[in-house]
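# A closer look at the structure
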Amino acid sequence: MQFNYRTKQYLKEMEAVLVESKYKIFTINFSTMKAFVNKQDRYRKRNGKFCNVEHHFGKWISFTKDDVRYGKQNYTAYDSSLYGLEEIKGARTIKYLSKEAKEKILDEYKRSL
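Residues numbered from 1 in each chain as written. Predicted model: local features only at pLDDT ≥ 70, side-chain atom pairs only at ≥ 80, totals over all residues. Heavy atoms only, no water.

This part covers unusual backbone geometry. Trans is the common state for peptide bonds, and a negative phi is the common state for residues other than glycine. Notably, Glu15 is not glycine yet its phi reads approximately 50°, a positive angle. With respect to the secondary-structure elements, Glu15 resides in the loop between helix H1 (5-13) and strand S1 (17-29). A relative accessible area of 52% means that Glu15 is categorised as exposed. (Helix = DSSP H or I, 4+ residues; strand = E, 2+ residues; numbered from the N terminus. Buried < 20%, exposed > 50% of the residue type's maximum accessible area, 1.4 Å probe, protein only.)

Turning our attention to the nonpolar core. One recurring pattern in soluble globular proteins: nonpolar side chains tend to sit buried together. If you look at the biggest cluster of nonpolar residues, it comprises 11 residues: Ile25, Ala35, Val37, Ile61, Phe63, Val68, Leu97, Ala101, Ile105, Leu106 and Tyr109. Mapped onto this core, the elements with two or more residues apiece are strand S2 (34-44) and helix H2 (99-112). No other element matches H2, which puts 4 residues into this core. Ignoring anything within four residues of it in the chain, the contact list for Ala35 reads Ile25, Thr27, Ile28, Lys59, Trp60, Ile61, Phe63 and Ile105. (Core = buried A, V, L, I, M, F, W, Y, C linked by side-chain atoms within 4.5 Å. Contact = heavy atoms within 4.5 Å.)

Put into structure tokens, the structure is as follows:
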């Protein structure tokens, strides 16, 4: 849920209580080597359910090529053919940021505030 004036009204109606507030990486763009960091609040509503609220003041933070890690991911796809449903299995290479790199990006974001 995006934070705006309706969000404040909704949280007031639901008698929501702030449980935790943290900074989180929402999007990683590997082609430009940037990660989008934003603040996320977690509220507990009166019915016991949780509501996550994303703020508007996030920033794109750059990271280096050394922070990028590569791994293998197995996948299964289904394709229809002349003989019926065909199962295709394979492996693909994925990119991800290590835990230390994510912490470094979050620290850099906090310093920029």
